Amino acid sequence: MISSRSWEILVAFYQCKTLSAAADKLYVSQPALSAAMKQLEKELGVTLFNRTKNRIELNEVGLEAVRFAEAYLKQEKTLIQKLQRMSWRARNVTVAASVSELRNELVDKLTWIYHDRSVTSEQLSSELLAPGLLSERFDYVITEYPIEEPGVVCVPYVTDWLMVSVHKSDPLAQREFLTFNDLQDENLIVLDDRGFWADFIRREFSERMRLVFVQSEAEYLALIEAFQLRSFISKTVVSQRKTPTDFRPIPLKEEGTEVMFYLCCLEKNDVYIPRLLERERGVG
């Protein structure tokens with residue numbers, strides 16, 4: 001059986017045009033390359049080259065063999081990559097979401113269900129979630145919109161809403177809810193790794209409030225505790241008890257601040273959807 005290496009040598013000669021250049025590309029000696037090409041001709045039972053005293057070039061059969069070799073090597077590479085992906089996916093479950101807390105929560109649940117696999121996750125912008133699921137880059141995604149494509153299952157997962165965290169001594173601390181007018185031209189801290197909500201705040205509030213975006217949760221907590229600053233949080237953050245005890249979360253009642261998130265997967269992975277939803281109700 002002709003080896004892939006023999007086809008690689010043939011393609012390299014075609015690309016490089018000379019024995020010396022092909023030998024350099026493949027990190028072999030010129031005599032070894034020449035011998036390998038003769039061996040390929042022997043195994044095929046055909047002549048691939050026109051040889052003269054100072055020149056060697058592919059003949060018509062050789063050029064056709066190059067086209068076959070290129071297609072074969074491409075197909076071989078594709079097959080290897082596909083098998084490697086299948087092997088990896090058999091040992092891993094992949095998750096993506098646009099809200100970090102929802103992503104982390106789903107990872108915990110899937111780790112409990114897929115106890116024999118590793119669960120990996122990414123936080124992505126909303127527009128990348130559907131393509132990632134459809135291409136099977138991810139097994140599960142959490143989006144703020146249902147993915148209406150054949151073969152995709154989407155179910156309502158959780159309703160999240162935007163809130164403002166204020167210190168108990170803040171004049172707004174006794175309010176049942178807040179509006180944009182209550183926060184007009186005020187300073188508010190935003191944790192920038194909260195994905196969907198950080199993007200929403202940046203888009204909707206930048207011209208109405210003085211926003212301070214910070215990159216790390218440690219910096220975020222240090223600032224609000226040291227200076228008793230107001231900050232944006234979400235119901236999911238509050239439910240995970242990620243707020244200082246001296247601060248009170250107050251819902252923000254404005255259009256777009258209450259969002260239904262959907263859990264989506266391909267039909268072949270929907271067997272665990274009921275268990276994920278049951279655990280969500282149990283946690284809540």
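Our subject is the structure that appears above.
Only a predicted model underlies this, so the values are computations on that prediction, with no experimental measurement involved. (Residues numbered from 1 in each chain as written. Predicted model: local features only at pLDDT ≥ 70, side-chain atom pairs only at ≥ 80, totals over all residues. Heavy atoms only, no water.)

Student: Just to check I follow, could you spell out the overall build of the chain for this structure?
Tutor: Helix and strand content of the chain: 11 helices and 11 strands. Rg of the C-alpha trace for the chain: 30 Å, well past the compact-globule value of 19 Å for 284 residues, more than 25% over. Seen along its three principal axes, the alpha-carbon backbone of the chain occupies a region of about 95 × 40 × 30 Å. Partitioning the intrachain contacts of the chain with sequence separation of at least 6 by distance along the chain shows that 70% fall at a separation of at least 24. Accessible surface, the chain: about 16000 Å² in total, of which carbon and sulfur atoms supply 51%. Across the chain, 36 positive and 42 negative side-chain charges occur, with their mean positions spaced 8 Å apart. (Helix = DSSP H or I, 4+ residues; strand = E, 2+ residues; numbered from the N terminus. Rg over C-alpha atoms; globule rule 2.2 N^0.38 Å. Contact = heavy atoms within 4.5 Å. Areas by Shrake-Rupley, 256 points an atom, 1.4 Å probe, with all protein chains shown as cover. Lys, Arg positive; Asp, Glu negative; His and termini not counted. Charge placed at Lys NZ, Arg CZ, Asp CG, Glu CD.)

Student: What is the right way to look at empty space enclosed by the protein in this model?
Tutor: Sizing a probe to match a water molecule and rolling it over the atoms shows the empty space that remains. Within this structure, the stated rule accounts for one cavity of 30 Å³ or more. The calculated volume of the largest cavity comes to roughly 70 Å³. Every residue along the wall of the largest cavity is listed here: Glu-101, Leu-162, Val-190, Leu-191, Arg-194, Trp-197, Ala-198, Ile-201, Phe-232, Ile-233 and Ser-234. The set of elements that each furnish at least two residues to the lining of the largest cavity consists of strand S7 (187-191), helix H8 (196-205) and strand S9 (231-234). Residue composition of the lining of the largest cavity, grouped by class: eight nonpolar, one polar and two charged. (1 Å grid on protein atoms, 1.4 Å probe; cavity = no way out; pocket = protein on both sides within 12 Å on 5 of 7 lines; lining within 4 Å. Points joined across faces, edges and corners; volume = space filled by probe spheres on them. Nonpolar A, V, L, I, M, F, W, Y, C, P; charged D, E, K, R; others polar.)

Student: Could you clarify how one ought to interpret a nonpolar patch on the surface in this entry?
Tutor: A surface patch of nonpolar side chains, about 200 Å² in accessible area, is lined by Leu-44, Val-46 and Val-61. Val-61 sits in the partly exposed class, given a relative accessible area of 44%. (Patch = residues over 30% accessible without salt bridge, like charges linked within 9 Å, V, L, I, M, F, W, Y side chains within 5 Å. Salt bridge = Lys/Arg side-chain N within 4 Å of Asp/Glu carboxyl O. Buried < 20%, exposed > 50% of the residue type's maximum accessible area, 1.4 Å probe, protein only.)

Student: Sorry if this is basic, but what is going on with the environment of Phe-213 here?
Tutor: Along the chain, Phe-213 falls in strand S8 (residues 210-214). Expressed as a C-alpha distance, the spacing of Phe-213 and Val-271, which sit 58 residues apart in the sequence, is 40 Å.

Student: Explanation requested: the packing of helix H1 (residues 4-16) against helix H2 (residues 19-26) in the structure shown.
Tutor: Between two packed helices, the angle of one axis relative to the other and the distance separating the axes together describe the packing. Running from amino to carboxyl end, H1 crosses H2 at an angle of 130°, the nearest separation of the two axes being 8 Å. By the angle between their axes, H1 is oblique relative to H2. Seen along the crossing, H1 lies across H2 with a hand that is right-handed. Of the residues in H2, those touching H1 at Arg-5, Ile-9, Ala-12, Phe-13, Gln-15 and Cys-16 are Leu-19, Ala-21, Ala-22, Lys-25 and Leu-26. (Axes fitted to C-alpha atoms, helices over the stretch in contact; angles between N-to-C directions. Parallel < 35°, antiparallel > 145°, perpendicular 65-115°, else oblique. Left-handed = near helix turned anticlockwise from the far one by under 90°.)

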